[in-house]
Amino acid sequence: MKTKQILLTGFTLLEMMIVIAVMGILIALALRGVGGIVNKAKESSVKSVAHQLQIAIETYRLDQGMYPSGALQVETLIDQLHQYGGLPTTPKNPFTGLAYQNNDPSGKILYTSPDAGATYTLSAYGTLNASRIFEVIGE
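Residues numbered from 1 in each chain as written. Predicted model: local features only at pLDDT ≥ 70, side-chain atom pairs only at ≥ 80, totals over all residues. Heavy atoms only, no water.

Draft legend 1. Focus on the pattern of salt bridges. Counted according to the given criterion, the structure contains one salt bridge. Across the pair Arg-132 and Glu-135 runs a salt bridge, and its minimum N-O distance is 3.2 Å. What makes Glu-135 partly exposed here is its relative accessible area of 40%. (Salt bridge = Lys/Arg side-chain N within 4 Å of Asp/Glu carboxyl O. Buried < 20%, exposed > 50% of the residue type's maximum accessible area, 1.4 Å probe, protein only.)

So this is what it looks like as structure tokens:
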């Protein structure tokens, strides 16, 4: 009677460790890339809110004859535009998920009108308020 030799094939422990290490590196790179994409999306949302505020400010000027005056805190500006009716909903900061505040750690929006409502500057900032991503000077 002949005996058949059974061959067992598989991966060695070293091969499995190398595969797991390579997969870990690829996953880390993918997660790093996704984090950047998420921040870019949030910055785009801040730009959208700033543009919405710009439109509401310009509408306010058309009806009132001047821009909201002073260095208004962003929450004061939003409240004023909301009460006026030029801003139908209160926007939320995409970085915090809450209503905009002057001390937002990311996504800050600043408004100033230094000359009694004749001109204004509206600026928006991105992640960690490190760079200005939107600025409008209205005259």
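Draft legend 2. Inspection of the sheet that holds strand 3 (residues 132-138) at higher detail. On the basis of which strands lie adjacent, the open sheet formed by three strands has the order 1-2-3 and antiparallel pairing. The open sheet has two edge strands, strand 1 (109-112) and strand 3, and neither has a second partner. Shown here is a sheet whose adjacent strand axes are inclined to one another by a mean of 10°, direction ignored. Contacts from helix 1 (residues 13-64) reach strand 1, strand 2 (120-125) and strand 3 within the one sheet, and its direction differs from that of strand 2 by about 165°. (Pairing = 2+ DSSP bridges. Helix = DSSP H or I, 4+ residues; strand = E, 2+ residues; numbered from the N terminus. Axes fitted to C-alpha atoms, helices over the stretch in contact; angles between N-to-C directions. Contact = heavy atoms within 4.5 Å.)

Draft legend 3. Inspection of the nonpolar core at higher detail. Among the nonpolar cores identified, the biggest contains 24 residues, and Leu-53, Ile-57, Leu-81, Ile-109, Tyr-111 and Leu-122 are the most heavily contacted of them. The set of elements that each furnish at least two residues to this core consists of helix 1, helix 2 (74-84), strand 1, strand 2 and strand 3. Top contributing element to this core by residue count: helix 1, with seven residues. (Core = buried A, V, L, I, M, F, W, Y, C linked by side-chain atoms within 4.5 Å.)

Draft legend 4. Representation of helix 1. Taking 1.5 Å per residue as the helical rise, helix 1 with its 52 residues ought to reach 76 Å, and the 76 Å between its terminal C-alpha atoms agrees with that figure. All of the buried residues in helix 1 are Glu-43, Val-46, Val-49, Ala-50, Leu-53, Gln-54, Ala-56, Ile-57 and Tyr-60. In this fold, the buried residues of helix 1 make contact with helix 2, strand 1, strand 2 and strand 3. (Expected span 1.5 Å × (residues − 1).)

Draft legend 5. Quick look at the environment of Thr-121. Take Thr-121: it is sitting in strand 2. Residues Thr-121 and Ile-18 lie 103 residues apart in sequence; the distance between their C-alpha atoms is 56 Å. Not counting residues within four places of it along the chain, the set of residues in contact with Thr-121 comprises Leu-110, Tyr-111, Thr-112, Glu-135, Val-136 and Ile-137.

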